[in-house]
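# Fold and contact review
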Amino acid sequence: MTKSIRRLLSVGARIAGAAALVLAAAGASQAQTLDAVRERGFLICGATNPLPGFAQMDAEGRWSGFDVDLCRGIAAAVFGNPDLIEFRSLRGEARFAPLQTGEVDVLTRNGPWTQRRDTLYGASYVAPSFYDGQAFMVAQSLGFVSAYELDDVSICVVDSAGDLERMEEFFFANQATYTEVVYEDVADLAVAYVAGSCQAVSASGRQLQAIRRALPEPASHRILPERISKELMGPVVREGDDQWFNIVKWTMFALIDAEEVGITSLNIDSLAAARTPAVRRILGVEGDFGAPLGLKAEFMSNVIRAIGNYSELYDRHFGPQTGAALLRGQNALWSNGGLLYAPPVR
């Protein structure tokens with residue numbers, strides 16, 4: 001072996017060793033999210049661009065919405081205070097880099113869970129917080145109550161993300177007729193629908209909800225209950241930190257389990273003396289389920305007291321008081337015919 005070859009091998013070994021040390025350091029730093037959040041004194045949450053019902057900012061710069069409250073719940077789990085939090089609005093094209101680099105601690109935004117997003121970008125989806133899919137919205141005056149009744153209608157749809165193809169397949173399978181009115185961007189759908197360019201509009205349920213809430217009379221329009229695709233939304237964290245992954249996961253599960261056993265933000269204090277084991281475990285008065293996560297025994301109680309159970313969370317942002325009630329559908333508890341399900345606290 002020549003000296004030049006040995007020198008190259010030596011240099012290569014040093015480079016590989018240095019890379020390994022960098023990766024190890026990165027892994028170690030990623031495994032300390034809870035410590036970093038506590039040392040900083042507040043949680044940094046990446047939210048979506050304004051999407052009514054999920055994340056919006058008022059004139060005074062205050063954030064609110066379903067996704068925002070999930071972040072507040074995580075802050076309550078960690079600090080016992082839901083207000084120790086900072087929100088950062090992230091564009092759709094820049095959602096994972098801020099998470100990878102530690103600029104944000106968690107993402108709660110409307111990026112659907114897919115295999116690529118869950119495996120290629122150094123990020124991990126924690127648990128479903130909202131089930132959705134492509135749907136249809138029509139004026140109440142048309143009398144449709146189901147997507148299966150749609151026939152001989154004009155429908156506005158975007159020619160991207162498979163929406164057009166799925167709609168074609170749906171109507172072919174149901175042997176119904178329709179006229180497609182195609183646009184390039186979701187923002188065009190609202191303009192076209194208001195202008196009367198189509199009788200119905202098809203997009204994800206959450207996008208339709210945002211469109212409906214911006215209409216002059218939201219209650220005069222109905223989002224039909226069926227979904228012709230599946231989309232799961234939920235909190236996203238960096239890979240490599242099991243402790244933080246589990247903290248966010250059990251914050252989410254606490255909301256679902258609380259609804260299942262009847263714990264709400266209104267009755268939580270009165271249930272302190274309850275004898276039901278499932279209730280006592282969630283409240284942290286029986287067993288210490290916070291210790292394995294590095295949290296206090298009452299962390300789930302703090303979450304529920306801050307933002308309520310899942311039903312309260314959903315109703316606050318999609319209930320009748322919003323003027324544009326969105327049926328829970330798939331987001332109902334499994335015991336009520338929905339998909340919402342969480343492991344028990346035990």
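Quick look at the structure, then.

The rules we used
Residues numbered from 1 in each chain as written. Predicted model: local features only at pLDDT ≥ 70, side-chain atom pairs only at ≥ 80, totals over all residues. Heavy atoms only, no water. Pairing = 2+ DSSP bridges. Helix = DSSP H or I, 4+ residues; strand = E, 2+ residues; numbered from the N terminus. Axes fitted to C-alpha atoms, helices over the stretch in contact; angles between N-to-C directions. Buried < 20%, exposed > 50% of the residue type's maximum accessible area, 1.4 Å probe, protein only. Patch = residues over 30% accessible without salt bridge, like charges linked within 9 Å, V, L, I, M, F, W, Y side chains within 5 Å. Areas by Shrake-Rupley, 256 points an atom, 1.4 Å probe, with all protein chains shown as cover. Salt bridge = Lys/Arg side-chain N within 4 Å of Asp/Glu carboxyl O. Lys, Arg positive; Asp, Glu negative; His and termini not counted. Charge placed at Lys NZ, Arg CZ, Asp CG, Glu CD. Phe/Tyr/Trp six-rings, centres within 6.5 Å; stacked < 30°, edge-to-face > 60°. Lys NZ or Arg CZ within 6 Å of the ring centre and 35° of its normal.

Glancing now at the sheet that holds strand E12 (residues 221-223). Taken together, five strands build an open sheet; the order of strands is E10-E9-E11-E8-E12 and the sheet is mixed. Sheet topology places strand E10 (178-183) and E12 at the edges, where each strand pairs with a single neighbour. Here the strands of the sheet are splayed against their neighbours by 25° on average, with no regard to which way each runs. Relative to strand E11 (residues 200-204), strand E8 (residues 134-139) runs antiparallel, the two sharing five bridges. Opposite Gln134, over in E11, you have Ser204 as the bridge partner.

What follows deals with helix H11 (residues 299-307). Of all the nine residues making up H11, seven are buried; the element is thus mostly covered by neighbouring parts of the structure. Every buried residue of H11 is accounted for by Phe299, Met300, Ser301, Asn302, Val303, Ile304 and Ile307. Looking one or two residues past H11, Gly308 carries a phi angle of roughly 85°, positive in sign.

Where like charges cluster on the molecular surface, the negative patch consists of Asp159, Glu165, Glu168, Glu169, Glu180, Glu184, Asp185 and Asp188. When residues in the negative patch are grouped by element, the largest group, three residues, is from helix H6 (residues 163-173). Counting through the fold element by element, Glu184 comes out in the loop between E10 and helix H7 (186-194). By relative accessible area, which is 72% here, Glu184 ends up exposed.

For the coordinates displayed, the defined rule picks out 20 aromatic pairs. Residues Phe54 and Phe130 carry aromatic rings whose centres are separated by 5.1 Å and whose planes lie at 85° to one another, so their mutual orientation is edge-to-face. Residue Phe54 is found in the loop between strand E1 (43-47) and strand E2 (56-57), and its partner Phe130 is found in strand E7 (residues 130-132); the two are separated by 76 residues along the sequence. Across the pair, exposure class does not vary: Phe54 and Phe130 are buried alike. Ring geometry for Trp63 against Phe87: centres 6.2 Å apart, planes inclined by 40°, an arrangement best described as tilted. Highlighted residues: Trp63 in strand E3 (residues 63-64) and Phe87 in strand E4 (residues 85-89), separated in sequence by 24 residues. Here Trp63 matches Phe87 in class, with each residue buried. A network of ring pairs unites the aromatic residues Phe54, Phe66, Phe130, Tyr310, Tyr314 and Phe318 as a single cluster. The lysine or arginine in question, Arg40, covers the ring of Phe42, its NZ or CZ lying 5.6 Å from the ring centre. Across the ring face of Tyr314, the terminal group of Arg328 is positioned such that the distance to the ring centre comes to 5.6 Å.

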